[in-house]
Amino acid sequence: MRVITFGTFDILHYGHIRILKRAREMGSELIVGVSSDALNENKKGRKPVYSEFERMEIIRSLRFVDEVFLEESLEKKREYLIHHQADLLVMGNDWEGKFDEFRDICDVRYLERTPSISTTSIIEVVKSL
Ligand code: C2G
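One structure accompanies this document, and this report is about it.

Procedures and definitions
- Residues numbered from 1 in each chain as written.
- Predicted model: local features only at pLDDT ≥ 70, side-chain atom pairs only at ≥ 80, totals over all residues.
- Heavy atoms only, no water.
- Near = heavy atom within 4 Å.
- Polar contact = N/O pair within 3.5 Å; in protein donor to acceptor, adjacent residues only side chain to side chain.
- Areas by Shrake-Rupley, 256 points an atom, 1.4 Å probe, with all protein chains shown as cover.
- Helix = DSSP H or I, 4+ residues; strand = E, 2+ residues; numbered from the N terminus.
- Nonpolar A, V, L, I, M, F, W, Y, C, P; charged D, E, K, R; others polar.
- Buried < 20%, exposed > 50% of the residue type's maximum accessible area, 1.4 Å probe, protein only.
- Core = buried A, V, L, I, M, F, W, Y, C linked by side-chain atoms within 4.5 Å.
- Contact = heavy atoms within 4.5 Å.
- Salt bridge = Lys/Arg side-chain N within 4 Å of Asp/Glu carboxyl O.

1. Describing the site of the ligand
Right, so step 1: The environment of the ligand is made up of 21 residues, and the closest members are Glu71, Lys77, Asp94, Thr114 and Ile117.
Right, so step 2: Between the ligand and Lys43 there is a distance of 3.4 Å, counted from an oxygen atom to a side-chain nitrogen or oxygen.
Right, so step 3: Interatomic distance of 2.8 Å between a side-chain N/O atom of Trp95 and an oxygen atom of the ligand.
Right, so step 4: Within the complex, 95% of the 640 Å² of free accessible area of the ligand lies under protein.
Right, so step 5: In terms of residue count, helix H1 (residues 14-25) provides more of the shell around the ligand than any other element does, three residues in total.
Right, so step 6: Residue composition of the shell around the ligand, grouped by class: seven nonpolar, eight polar and six charged.

Written out as structure tokens, the structure reads:
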């Protein structure tokens with residue numbers, strides 16, 4: 001059972017680890033699409049703190065991640081799911097309902113986000129030091 005998930009995973013934190021671990025436990029292989037610097041600039045208006053190369057290397061080095069690729073466009077999601085032969089798409093519930101259109105080719109599950117932690121809150125804490 002091949003599980004796939006997507007994310008920026010900038011300044012890796014406990015919330016990221018928890019969703020990746022839970023996603024991996026739902027199948028036998030975990031494939032992670034790490035969103036590109038350009039995709040983030042379009043989506044959030046700023047570049048991630050860590051480059052796409054660094055973010056991919058960090059995610060690749062986790063023992064519960066089997067494969068990593070660069071997610072270059074949100075519009076290519078169906079293409080990525082087919083190419084990686086995903087059986088299950090897992091995302092945090094901040095994306096609830098957003099990927100239901102792919103239920104024709106794989107299962108889609110939204111997992112509860114880990115409360116009180118985010119890349120943005122970490123940036124704020126570091127700024128205030
Ligand atoms: N996450 C979580 N708990 C947190 C923070 C994040 O479970 N406290 C989850 C998010 O729900 C997401 C994953 O961690 O499933 C990655 O989060 P981000 O790095 O913020 O990625 P995002 O901007 O949601 O990118 O194609 C979709 C995008 O690439 C997803």
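2. Digging into unusual backbone geometry
Right, so step 1: Located in the positive-phi region is Phe9, a residue other than glycine, with phi close to 55°.
Right, so step 2: Note that Phe9 resides in the loop between strand E1 (2-7) and H1.
Right, so step 3: We note that Gln85 has phi near 50°; this positive angle belongs to a residue other than glycine.
Right, so step 4: Checked against the element boundaries, Gln85 lands in the loop between helix H4 (77-83) and strand E4 (88-92).
Right, so step 5: What makes Gln85 exposed here is its relative accessible area of 58%.

3. A closer look at the nonpolar core
Right, so step 1: Formed by 17 residues in total, the largest nonpolar core has its most connected members in Leu20, Leu30, Val32, Ile59 and Val65.
Right, so step 2: Looking at this core, the elements with two or more residues in it are H1, strand E2 (29-35), helix H3 (52-60) and E4.
Right, so step 3: Non-local contacts of Val32, meaning those with residues more than four positions away in its chain, are made with Thr5, Phe9, Leu20, Ile59, Val65, Glu67, Val68 and Phe69.
Right, so step 4: In this structure, Ile4, Ile31, Tyr80 and Leu89 belong to the second largest nonpolar core, which totals 14 residues.

4. Describing the side chain of His84
Right, so step 1: Along the polypeptide, His84 turns up in the loop between H4 and E4.
Right, so step 2: With near-sequence residues (within four places) excluded, His84 lies in contact with Arg2, Ile4, Ile31, Glu67 and Phe69.

5. Quick notes on the pattern of salt bridges
Right, so step 1: Scanning the model with the defined rule gives 10 salt bridges in all.
Right, so step 2: Close ionic contact of Arg60 with Glu57 constitutes a salt bridge, the shortest N to O distance being 2.8 Å. With Arg60 and Glu57 both in helix H3 and three residues apart, the pair spans about one turn of that helix.
Right, so step 3: Note on Glu57: relative accessible area 38%, which makes it partly exposed.
Right, so step 4: Salt bridges here are not isolated pairs; linked through shared partners, they connect Arg2, Glu29 and Glu67.

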